[in-house]
Amino acid sequence: METVIPRKLRPDGRGTRLDPPNRFETVRQDAFDDGWGTLDEAPPPPATVLIRDATKSVISRNESPDLGFDRGLNPYRGCEHGCIYCYARPTHAWIGMSPGLDFETKLVFKPEAATLLERELSRKGYQAAPIVLGSNTDPYQPVERQLRLTRAVLEVLERFGHPVSIVTKSAGVLRDVDILGRMAARNLARVHLSVTTLDARLARAMEPRAAAPGRRLDAITGLKAAGIPVGVLAAPMIPGVNDAELERILEASARAGASCASAILLRLPHELGALFEDWLKRTMPDRAAHVLSLIRQTRGGALNDAAFGSRFRGTGAYAALLRARFHRAARQFGLSDAPPPLDCGQFAKPPAKAASAQLSLF
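All values reported here derive from a predicted model rather than from experimental measurement.

(A) Region of interest: the overall build of the protein chain. Along the backbone of the protein chain there are 11 helices and 10 strands. Residue burial in the protein chain is summarised as follows: out of 362 residues, 50% are buried. Summing over all exposed atoms, the protein chain offers an accessible surface of approximately 17,600 Å²; the carbon and sulfur share of this is 55%.

This is the structure in structure tokens:
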């Protein structure tokens, strides 16, 4: 069933229209009409602003029992894709910005990501394990075309023989197929493409600056052709919005070349609940109440459940049915739910660069 998005409510290239106050701040600003009717004027489309990150480390660690990895790397904070459902939005509050428009327009980038990674991998005692690129925000969001930070990181990982797993919803990953192909030949790389819907209109509303569904399927095909293991991430599954497409997403992805699959139920932590509810009421006013009711049925009556063990899966009959549908469809289309492990045994610090011929004379 095609989702009908009212033309007047379709997004103007941004995922949300809101900038909720930062939950860590004690002072907030509210709009005030000065008598000239300025609040009625339509603001100009927000531009993307790039902010340098002076961080001294790039590998983030986690101890979550829900995740199949313990370390990740994100060259960017914030994401220009503007996906309204993005669980990473609330992390922008940690750096004093809003999870709303700030998250998709004020992007923090790490220009020294590759250099810092090389330093961390060179530390005595470092033990290799797969690094997930894109564990928080997309490593192939539009700004990567100019900054190429993700590519620089991959070059370091290849030199060190370090395994990497990439999560993206961008066909831009194909620009690095040369590096990924060489790494995959050594069982050091795999990619997971996020395919949330096959409905281009719905994708445009939910993920305004991400690749169209067809381009993501093409990316799966291109990666497969290059010998790079690729899986599909059907996430998030949103009750009453895109969950009816689950089987079709898995079938189309398997046909395109995916070998494994996973699915995660919608999560709405912190400010994300209000952002998503506002978007839902604007884009799908006829079914917003029903969708919110279904979400609450999978979250014990609330819009979110942060508990380990249930936050990705949900609880209740609706969530259990979604899981059963996923496992049945995955078996039907030959998709595994556990990709084979990457090789950590090739990790080694590369030899120091040889001195120039002229210096070697002294």
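The discussion continues.
(B) Structural detail: the sheet that holds strand 1 (residues 49–52). Overall, mixed pairing links the three strands, which are arranged 1-5-4 in an open sheet. Edge strands, defined here as strands with exactly one partner in the open sheet, are strand 1 and strand 4 (76–77). As judged from the four bridges shared by strand 1 and strand 5 (residues 106–109), these two strands associate in the parallel manner. Its bridge partner being in strand 5, Leu50 is matched across the sheet by Leu107.

(C) Spatial organisation of the nonpolar core. Leu117, Leu154, Leu157 and Leu250 are the most contacted members of the largest nonpolar core, which has 52 residues in total. For Leu117, the residues in contact, after removing those within four places along its chain, are Val58, Ile59, Leu73, Ile131, Val153, Val156 and Leu157.

(D) Structural view of the sheet that holds strand 9 (residues 230–237). Here seven strands make up an open sheet; going across it, the order is 2-3-6-7-8-9-10 and the pairing mixed. Of all strands in the sheet, those with a lone pairing partner are strand 2 (59–61) and strand 10 (260–265), marking the two edges. When strand polarity is set aside, the average angle formed by the axes of neighbouring strands in this sheet is 25°. Alignment of strand 9 against strand 10, held across five bridges, turns out to be parallel. When the sheet's bridge partners are listed, Gly231 is paired in strand 10 with Cys260. Running over the sheet, helix 5 (residues 177–185) touches strand 7 (164–168) and strand 8 (189–194) and is turned about 125° from strand 8.

(E) Geometry of the packing of aromatic side chains. A complete count under the given rule lists three aromatic pairs for this structure. Note on Phe160 and Phe347: the rings are 6.1 Å apart at their centroids and 20° apart in plane angle, and the pair reads as stacked. Note that Phe160 is positioned in helix 4 (residues 149–160) and Phe347 in the segment after helix 11 (316–332), a separation of 187 residues in sequence. On the numbers, 5.6 Å between centres and 35° between planes, the contact of Phe276 with Trp279 is tilted.

(F) Representation of the confidence of the model for the protein chain in the model. On average, residues of the protein chain score 88 in pLDDT, and 86% of them are at 70 or above. When the criterion is pLDDT under 50, residues 1–11 qualifies, and its contacts beyond four places in sequence or with other chains add up to 24 contacts. Confidence over residues 354–362 falls short of pLDDT 50; this stretch has zero contacts with residues more than four positions distant or in other chains.

(G) Highlighting helix 2 (residues 113–121). Three or more residues of helix 2 are buried, namely Ala113, Ala114, Leu116, Leu117, Glu120 and Leu121. End-on, the buried residues of helix 2 take up no more than an arc of 165°, which puts them together on one face. Summarising the contacts, the buried residues of helix 2 are in contact with strand 2, strand 3 (71–73), strand 6 (131–133) and helix 4.

(H) Structural view of the packing of helix 7 (residues 213–225) against helix 8 (residues 246–256). Relative orientation of the contacting elements helix 7 and helix 8 amounts to 35°, with a least axis distance of 8 Å. Here Leu217, Ile220 and Thr221 of helix 7 come into contact with helix 8, specifically with Ala252, Ser253 and Ala256. Split into classes, the residues belonging to the contact of helix 7 with helix 8 amount to four nonpolar, two polar and no charged.

(I) Main features of the pattern of salt bridges. Following the criterion strictly, the structure yields 15 salt bridges and no others. Residue Glu80 pairs with Arg209 through a salt bridge whose shortest N-O separation is 3.0 Å. One end of the pair, Glu80, is in the loop between strand 4 and helix 1 (101–105); the other, Arg209, is in the loop between helix 6 (200–206) and helix 7, with 129 residues separating them in the sequence. On the accessibility criterion, Arg209 (32% relative accessible area) is partly exposed.

(J) A look at the pairing of strand 9. Counting buried residues in strand 9 gives eight out of eight residues, a clear majority hidden from the surface. Sheet topology note: the strand 8/strand 9 ladder contains four bridges and is parallel. Note that in strand 9 the partner of Leu193 across the bridge is Val232. For the crossover that starts at strand 9, traverses helix 8 and ends in the parallel strand 10, the hand is right-handed.

What counts, and where the lines are drawn
Residues numbered from 1 in each chain as written. Predicted model: local features only at pLDDT ≥ 70, side-chain atom pairs only at ≥ 80, totals over all residues. Heavy atoms only, no water. Helix = DSSP H or I, 4+ residues; strand = E, 2+ residues; numbered from the N terminus. Buried < 20%, exposed > 50% of the residue type's maximum accessible area, 1.4 Å probe, protein only. Areas by Shrake-Rupley, 256 points an atom, 1.4 Å probe, with all protein chains shown as cover. Pairing = 2+ DSSP bridges. Core = buried A, V, L, I, M, F, W, Y, C linked by side-chain atoms within 4.5 Å. Contact = heavy atoms within 4.5 Å. Axes fitted to C-alpha atoms, helices over the stretch in contact; angles between N-to-C directions. Phe/Tyr/Trp six-rings, centres within 6.5 Å; stacked < 30°, edge-to-face > 60°. pLDDT = per-residue confidence, 0-100. Arc of directions from axis to C-beta. Nonpolar A, V, L, I, M, F, W, Y, C, P; charged D, E, K, R; others polar. Salt bridge = Lys/Arg side-chain N within 4 Å of Asp/Glu carboxyl O. Right-handed = clockwise from strand over helix to strand, strands pointing away.

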